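# Structural characterization, general
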Amino acid sequence: MGGTNVWDAEWEVNEEQARTLIGRQFPQLSSKQVKRLGWGWDNTVFLIGDEYVFRFPRRTIAVGSIRMEGKLLPKLEAYMTISYPKPLFYGEASDEYPPPFLGYAYVPGDFPIGLTEERRALSAETLAKFLRRLHEFPVQAALKCGVQQDHRNLTDIASRKVKLEGFLSKVVEHLSPEESGVIEAYISRLQKDRVEAVNALLHGDLHFKNMLVNENGIVSGIIDWGDLSVGHPACDLSVAYSFLPPYARGVFFETYGGADEETKLLARLIAVYIPILILMQAVDDGNEAIAAEAKSNIMRALSD
C-alpha cells in the first residue's frame, strides 16, 4: 500500500525516537514520560508528561505548516475565546529527523464522539463566538506569517462536487442504502459552480477530530492548526452543519453575526466533504468509532 494514500507517511516517529529527539534539544523535559497520542495525515502527536504535546511532521507538506504555526499561533492569543495549543518548544531539524517539530501547551478534553444532539446544541454560542473572533484576525498579518491564501480553491463548488462523487464511490459499501441515497440526492441538487471569494483567517480543518469537549460535552478546546489559511469563512462555518443539530444553527449564525445563502451553501458542502474524507481514512484504519461518528456528521449536515 506504500505511497498510495494521501495519508501515507514519509517519516514515522515512535515513542523512543520522540523521547531522544525531545531530550536532546530540551533536556528539561528528558525525565518526563512520552506517550503517543495518535496521528493525523500530517503529524504524529506525543504527550510529554501531562502538560505538553509535541507534533512531528509525517510528510513534507506538513513542514511549512509547523513553521507557520510557530509564528502565527502566539499572535492569536488575544483573539482566542477557547483553549488552543500555544507553541512553547521549537524543535530544530537534524540528520536523524530532517523536519522541524513543535511542542505546545497541552489542551485537556475529550473528542466529541457519540454526543447527544442536546449536548451538541450547548456549544452553538461557544463555537460561534470563537469563529467570530478568529475571523476578525487581520488577514494581512496572517499572510506575513506565511499563511497560504485559498490554496484549496474553497469557492470552486463544481470541482469539489466531482471529488465528492469519487469519494462516495469508495465508501458506498460502508453506508446504508438510505445514507448513500441521501448523499447522492444532495450531490445531484448542487447546481451552483462557484461562490464569490471572501477572505478571513481560517482554522481550515474544523471537525470532531480537532475539537475537544469538557465533562459536560461543551467544546472547550480547538487543536491541530496545521491547516491555518486565508479563505472563505464557510470552511470553518461548516461546523454549524456537521457538529450542531439543525435547531441550534439559528443561534449559531446569529451569534456569529450572520451569513448569506452562498456561505451557508458552501458551509454545508464542506460539512459533507470533510467527514467523507474522515470516513475513508477510518475505513482504511479499521476504526469503527471514527467511521460511525463521521457518518453521523454527514447525515446531520444533510438534515434541516
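Heads up: the structure comes first, above all this text.
Residues numbered from 1 in each chain as written. Predicted model: local features only at pLDDT ≥ 70, side-chain atom pairs only at ≥ 80, totals over all residues. Heavy atoms only, no water.

The relative placement of two packed helices is expressed as an angle between their axes plus a distance between the axes. Where helix α6 (residues 157–171) meets helix α7 (residues 177–189), the axes come as close as 10 Å, and the angle between the chain directions of the two elements is 165 degrees. Taken together, the axes of α6 and α7 are roughly antiparallel relative to one another. The element α6 and its partner α7 pack so that their crossing is left-handed. Only Ile-183, Glu-184, Ile-187 and Ser-188 of α7 make contact with α6, whose side of the interface consists of Lys-161, Leu-164, Glu-165 and Leu-168. Looking at the contact of α6 with α7, its residues break down into 4 nonpolar, 1 polar and 3 charged. (Axes fitted to C-alpha atoms, helices over the stretch in contact; angles between N-to-C directions. Helix = DSSP H or I, 4+ residues; strand = E, 2+ residues; numbered from the N terminus. Parallel < 35°, antiparallel > 145°, perpendicular 65-115°, else oblique. Left-handed = near helix turned anticlockwise from the far one by under 90°. Contact = heavy atoms within 4.5 Å. Nonpolar A, V, L, I, M, F, W, Y, C, P; charged D, E, K, R; others polar.)

What follows is about the packing of helix α4 (residues 124–134) against helix α10 (residues 249–256). For the pair α4 and α10, interaxial distance at closest approach is 8 Å and the crossing angle is 30 degrees. Accordingly, the angle class assigned to the pair α4 and α10 is roughly parallel. As α4 runs across α10, the sense of the crossing is right-handed. Contact residues: α4 offers Ala-124, Glu-125, Leu-127, Ala-128, Lys-129, Leu-131 and Arg-132, while α10 offers Val-251, Phe-252, Thr-255 and Tyr-256. Looking at the contact of α4 with α10, its residues break down into 7 nonpolar, 1 polar and 3 charged.

Mapping Gly-258 onto the fold places it in the loop between α10 and α11 (261–285). Using a relative accessible area of 36% as the deciding quantity, one classes Gly-258 as partly exposed. Sequence-wise, Gly-258 and Val-63 are 195 residues apart; in three dimensions their C-alpha atoms are separated by 35 Å. (Buried < 20%, exposed > 50% of the residue type's maximum accessible area, 1.4 Å probe, protein only.)

Here we take up unusual backbone geometry. The phi dihedral of Asp-150 falls on the positive side, at around 35 degrees, and the residue is not glycine. Among the secondary structure elements, Asp-150 is positioned in the loop between β6 (148–149) and α6. For Asp-150, a relative accessible area of 22% corresponds to the partly exposed category. Phi angles above zero are rare outside glycine, and Asn-153 is one such case at about 50 degrees. Note that Asn-153 resides in the loop between β6 and α6.

Turning our attention to helix α1 (residues 15–25). Among the residues making up α1, those that are buried are Ala-18, Leu-21, Ile-22 and Gly-23. Residues of α1 that are buried in the fold lie against β1 (34–39), β2 (43–48), β3 (52–57) and β5 (101–105).

What follows is about the sheet that holds β5. Strands sit in the order β1-β2-β3-β5-β4 across an open sheet of 5 strands; the sheet is antiparallel. Each edge of the open sheet is held by one strand with a lone partner, namely β1 and β4 (87–91). Taken pair by pair, the neighbouring strands of this sheet meet at an average axis angle of 25 degrees, ignoring direction. Pairing of β4 with β5 involves 4 bridges; the strand directions are antiparallel. Within β5, the residue paired with Gly-91 across the bridge is Phe-101. Helix α2 (residues 61–72) contacts β2, β3, β4 and β5 of the sheet and is inclined by roughly 45 degrees relative to β5. (Pairing = 2+ DSSP bridges.)

The subject of this paragraph is the nonpolar core. Counting residues in hydrophobic clusters, the biggest one holds 79 residues, and the most contacted among them are Leu-76, Phe-130, Leu-131, Leu-201, Trp-225, Phe-252 and Ile-276. With 14 residues, the top contributor of residues to this core is α11. Apart from the residues lying within four places of it in its own chain, the contact partners of Ile-276 are Leu-164, Phe-167, Leu-168, Ile-183 and Ile-298. (Core = buried A, V, L, I, M, F, W, Y, C linked by side-chain atoms within 4.5 Å.)

Now for empty space enclosed by the protein. Enumeration over the complete set of coordinates arrives at 2 cavities of 30 Å³ or more. Around the largest cavity, the lining residues are Leu-206, His-207, Ser-238, Ser-242, Ile-270, Ala-271, Ile-274, Pro-275 and Asn-297. By residue number, the principal contributor to the lining of the largest cavity is α11, which donates 4 residues. Its residues placed into classes, the lining of the largest cavity shows 5 nonpolar, 4 polar and no charged. When residues of the lining of the second largest cavity are assigned to their parent elements, the largest contribution, 3 residues, is made by α1. Considering only residue class, the lining of the second largest cavity consists of 4 nonpolar, 2 polar and 2 charged. (1 Å grid on protein atoms, 1.4 Å probe; cavity = no way out; pocket = protein on both sides within 12 Å on 5 of 7 lines; lining within 4 Å. Points joined across faces, edges and corners; volume = space filled by probe spheres on them.)

By themselves, these figures tell us nothing about what the structure is for.
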